[in-house]
Each structure stands twice: as C-alpha cells, then as structure tokens.
Amino acid sequence: MAANAKIVVVGGGFAGLEAAFLLRMRFPDRADVMLVSDTDRFLFKPNTIYIPFGADPEDLHIPLSDALSKRHITFFQGRVENVAADKKQVSLSDGTNLPYDFLVLATGADMRPKEIEGLADHAETIWTPGEMTRLGGRLQELRAKALGGAKQSILFLVPPNNKCSGPLYEMVFMVETWLRRQGIRDHVDITYSTFEQGFIQAFGPRLHDVVSKEFAERGIRGHLQDVASHVSANDVRFTNGERREFDLLVAFPPYVAAVDYEGLPKDDRGFLSTTLETRQVVGFPDIYAPGDAGDFPVKQAFLAFLQADAVATHIQSRIGATPFRTPFDPVSMCVMEMFDKATFAQVPLRMTGDPDRPVEVRPGAEDEYKVGVSPIWRLGKKLLGVYLPMRFRAGEPFHAGTAWQLMDVGLKGMSGVLAE
Ligand SMILES: Cc1cc2nc3c(=O)[nH]c(=O)nc-3n(C[C@H](O)[C@H](O)[C@H](O)COP(=O)(O)OP(=O)(O)OC[C@H]3O[C@@H](n4cnc5c(N)ncnc54)[C@H](O)[C@@H]3O)c2cc1C
C-alpha cells in the first residue's frame, strides 16, 4: 500500500482500545488510525462489581480523547449505524462518513432483559454502573430490614442466553461475605439459580467443583438447569414447574449484540459471524469483529484482548505482507472476587458446535487448565485493576511491552504457587 492504510476502529471498550493502541505501536507512522465511540470514556467494567459496596463509579472511567491523542489516533464521538461494505465506508448518526481500508467493529454487547417476562420490572441487574449503584441501595434496604429482625431472601438468577455468568458468581460470593461482616447472615437466605449445566459452565468442571464447595460451605442453595420463564414481584417461575420466592432478585440478563449491523452475517442475537483465528467477518475480509461484538460464545474482557491482538497482528501482516503467526487462541483467564478470597482460573477452550455447551476445556491441554483459590488472588485482581487503566491512560495496549512481560511473569509466578 503506497498511501497510509486507513484503519477505523469502532468501540472504545477493551477490544477497540487494545486493537487501536497495538496497531499504533506496530505502525508509528504507516497507518491512519481512527476510533469511533458513542461515549467519550472507557469503562473498566470488571471493577463495577465494587460499586454496590461503596466504590465510586467515576474512578472506573478513562477519558478517551486524552489517551487517544497521545498516540495520534483521531477520535470521533458518534454512534455508528451502518457499514457500507461495498463502498468501504462507515456512517455515523450525525452524517459523518468514514472511508476505511480495514474496519474493526468492537461495539460489544447489550442486555435484553425483556426476553424473560417480568425480569425488567422486578430484577436488579448488573450491567451498568447505574444498575450497580441501584443494587447497592437495595442491599442497604435489605440490611436495614434484616437488622430490624425481618427474615430476607435473595435470589441470584442467570437466565438462558447470558454469555458471561462469572460476574454474578462474584456478586453472590461478595454479598454473602458482606452479609457475614454486617452480622446479618443468619437473617438472609441466599439462592443461586442458573440455566447452566454446571456452575460457571464455560470454565469447565474444576470451576464447577470450586463453586459447589463454596456454596455448601456458605449455606447457599444452588440450582442448575433452571430455565426462568416468568418473573413476578416476589417469585420466579421455571420451565420445570419450580417456583422460587425472593425479597431481592439480582439477575444478569440475556445478551444481544449492541449493534445489529445490516448486511453483515450474524447469529440470531446479532453477534457477527467470524473466522475463529483472525476474527474477520465471514465473507468480508477487511472487516474484523473482536470482543463481545463477535460470535465467540464466551464474552469476556480477557478474551476480547486476545481477539483484538489477533486482529491487530493480522492487519499488520496484511499491510506489511508478512506471515500471520499469532491467531486467536482462546485461553481464558479470570479472577473471581469473593471478598474474603478469590478464585483464579486459566482455561484453554475449544468450541464444540453444541448450542447447550458451546465451549469445553480443550482436550489434551489439561496442563494449561489451572485453578486456585486463595485470599492472595485478591491481590491479582487488584494488580489488574491498577495495570490496565494505567496502560490505557498512557495509550498503550494491555498485552505488549515490558510492563506486560512483568505482569505476565507475576501472574505466572502466582499461578505456579497458588493454582494447579
Ligand atoms: C459486571 C461485569 C463484570 C465483568 N467482569 C469481568 C472480569 O472480571 N473479567 C473479564 O474478562 N470480563 C469481565 N466482564 C466482561 C467484560 O466487561 C466484557 O467482555 C468486555 O467489556 C467486552 O469488551 P468489548 O470491547 O468487546 O466491549 P465493551 O467493553 O462493551 O465496549 C464496547 C464499546 O463500543 C461502544 N459502542 C457501542 N455501540 C456503539 C455504536 N453504535 N457506535 C459507536 N460505539 C458504540 C461502547 O460505548 C463501548 O465503548 C464483566 C462484565 C460485567 C458487566
């Protein structure tokens, strides 16, 4: 390519920023990188779990224009509504049209609570900082009632088509620890109900065992294969005829794509159909969909980073006419907060093609499947909470450079001692 390649990245979340910063790192001056986002701030979603317990939502945001301008990435604040793939142009709602050579659609996911009758009206949900603040208020109300001697019940609910159940497991364990610390645990019944076949199904049998053991030790009733069909003001009904009552319902609703791109191939929830290794949209080789926007069945920030890295290196190999050697390899990593300890998991995944169990622990990669439970893992979560915002504020990708090598060594060292 004689002129600079025009690369338009849509979305200022994990996948969008990682792709944009890595592309800029690889191409200090041979590419025009532009980023479009409908908001002017990055939100560090994983740490919104602390909001119900007093964290300030403002601390979880990073202004995009400061970070992007450090790397000479042009920022457009606007809503993308349409991609004209035939003209290689993306259109914003204010009428701006941006031509591209390569387009990265990293617009993430959204919630569709209305899919379960009554859920939107009667459940507290955990998607946005505002919802987390509201949940904090409800927990305080529940605390006051329990302190007044009233018996209370909390039901945690994962309905079908939620694609990232982990945060609701964090929430049930954090709430349980918090209630104990408030001295009111005996006044509150806790039930966890999920459509999954195993607890945190995407992370395999060892996470299921950890959760089952924790539920038993903490007196939490857990129910699997519970398919919610109807929610009213004080109970949830399930397709198997069960009915579970609650004073407070906390749910993580079904997922859909944030943007339904007309003319591009997608699944029934709007997630863009992609080639696994490169994240190219099927039939549209110049369009990529890393992160929650694409059809990888598990939606997670760590996987979004890996996908964005594959996208950036694939575009790099095409511009530089060099071999592509770093396809997306879905090895998930997560640290599940519980307040009194945390659970670490590293899980090599394989897609199965079975809609009820779309991923499994990759056969033959058992050595890479690591799980550990320890209070020290809370430190790992805190380290990530400092490291990632530091990188993005500086206009640097998560997975690159000396800082990542140090972080990687730290995590590997911790998992060598604290996970098996
Ligand atoms: C409570 C909670 C806790 C979580 N905890 C973890 C965790 O511990 N570990 C983990 O790995 N994952 C976690 N996740 C999942 C993780 O946050 C997501 O997988 C991740 O945010 C996906 O990144 P993304 O870049 O694909 O999408 P997003 O981060 O959602 O970014 C999408 C971007 O696109 C922009 N956008 C959307 N529509 C448009 C449009 N029409 N035009 C322009 N811009 C648009 C948005 O404003 C946003 O900037 C958690 C999620 C939640 C809700």
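If you're wondering where the values come from, they're calculated on a predicted model, not measured in any experiment. (Residues numbered from 1 in each chain as written. Predicted model: local features only at pLDDT ≥ 70, side-chain atom pairs only at ≥ 80, totals over all residues. Heavy atoms only, no water.)

Draft legend 1. Main features of the sheet that holds strand β14 (residues 220–223). The parallel open sheet is built from 5 strands, whose spatial order is β11-β18-β12-β13-β14. Whereas interior strands pair on both sides, the edge strands pair on one side only; in this sheet they are β11 (124–125) and β14. (Pairing = 2+ DSSP bridges. Helix = DSSP H or I, 4+ residues; strand = E, 2+ residues; numbered from the N terminus.)

Draft legend 2. Molecular detail of the domain arrangement of the protein. Here the protein is described as being made up of domain 1 (5–108 + 258–418) and domain 2 (113–254). Placing the centre of domain 1 and that of domain 2 at their C-alpha centroids yields a distance of 28 Å. On the side of domain 2, 35 residues touch domain 1, which itself brings 38 residues to the contact. The junction of domain 1 with domain 2 conceals about 3100 Å² of combined surface from both sides, 65% of it contributed by carbon and sulfur atoms. Inspection of the region where domain 1 meets domain 2 yields 5 salt bridges. With its nearest N and O atoms 2.9 Å apart, the salt bridge here joins Arg 218 to Asp 340. Taken together, the links from domain 1 to domain 2 amount to 14 residue pairs in polar contact (both at pLDDT 80 or more). Counting residues per element, the ones that place at least two in the side of domain 1 that touches domain 2 are β22 (331–337), β23 (342–351), β24 (359–361) and β25 (370–374). Looking at the side of domain 1 that touches domain 2 element by element, the count peaks at 5 residues for β22. (Domains from an automatic or database assignment. Contact = heavy atoms within 4.5 Å. Buried area = accessible area lost by both parts, 1.4 Å probe. Salt bridge = Lys/Arg side-chain N within 4 Å of Asp/Glu carboxyl O. Polar contact = N/O pair within 3.5 Å; in protein donor to acceptor, adjacent residues only side chain to side chain.)

Draft legend 3. Structural context of the packing of helix α4 (residues 129–147) against helix α5 (residues 166–181). For the pair α4 and α5, interaxial distance at closest approach is 12 Å and the crossing angle is 35°. You can see that α4 and α5 cross each other, and the crossing is right-handed. Here α4 contributes Met 132, Leu 135, Leu 139, Gln 140, Leu 142 and Arg 143 to the contact with α5, which in turn contributes Met 171, Val 175, Trp 178 and Leu 179. (Axes fitted to C-alpha atoms, helices over the stretch in contact; angles between N-to-C directions. Left-handed = near helix turned anticlockwise from the far one by under 90°.)

Draft legend 4. Up close: the nonpolar core. Ranked by size, the top nonpolar core spans 111 residues in total, and within it Ile 154 and Phe 156 carry the most contacts. When residues of this core are assigned to domains, at least three map to each of domain 1 (5–108 + 258–418) and domain 2 (113–254). When sequence neighbours within four positions are dropped, the list of residues in contact with Phe 156 reads Leu 168, Met 171, Val 172, Val 175, Ile 190, Thr 191, Tyr 192, Ser 193 and Val 250. Ranked by size, the runner-up nonpolar core spans 19 residues in total, among them Val 36, Leu 98, Leu 103 and Val 259. (Core = buried A, V, L, I, M, F, W, Y, C linked by side-chain atoms within 4.5 Å. Buried < 20%, exposed > 50% of the residue type's maximum accessible area, 1.4 Å probe, protein only.)

Draft legend 5. Structural view of the pattern of salt bridges. With the rule as written, the count across this model stands at 29 salt bridges. A salt bridge links Arg 218 to Glu 214; the nearest nitrogen and oxygen atoms lie 2.8 Å apart. One end of the pair is Arg 218 and the other is Glu 214, both in helix α6 (residues 204–218) and 4 residues apart, which spans about a single turn. With respect to class, Arg 218 is no different from Glu 214; both count as buried.

Draft legend 6. Structural view of the environment of Glu 262. Examined against the element boundaries, Glu 262 turns out to sit in the loop between β19 (255–257) and β20 (280–281). Taking the C-alpha atoms as reference points, Glu 262 and Asn 82, 180 residues apart in sequence, are found 6.9 Å from one another.

Draft legend 7. Here's a closer look at α6. End to end, α6 covers 22 Å across 15 residues, agreeing with the expected 21 Å (1.5 Å per residue, within 8%). Restricting attention to buried positions, one finds in α6 the residues Gly 204, Leu 207, Val 210, Val 211, Glu 214, Phe 215 and Arg 218. End-on, the buried residues of α6 take up no more than an arc of 130°, which puts them together on one face. Exposed residues pointing more than 90 degrees away from the buried face of α6 are listed as Pro 205, Lys 213, Ala 216 and Glu 217. (Expected span 1.5 Å × (residues − 1). Arc of directions from axis to C-beta.)

Draft legend 8. Expanded view of the packing of helix α1 (residues 14–26) against helix α8 (residues 377–393). Look at α1 against α8: their axes get within 11 Å of each other, and the N-to-C directions meet at 55°. Considering the angle they form, α1 stands oblique to α8. Seen from above, α1 lies across α8 with left-handed handedness. Contact residues: α1 offers Phe 14, Leu 17, Glu 18, Phe 21 and Met 25, while α8 offers Leu 388, Arg 391 and Phe 392. (Parallel < 35°, antiparallel > 145°, perpendicular 65-115°, else oblique.)

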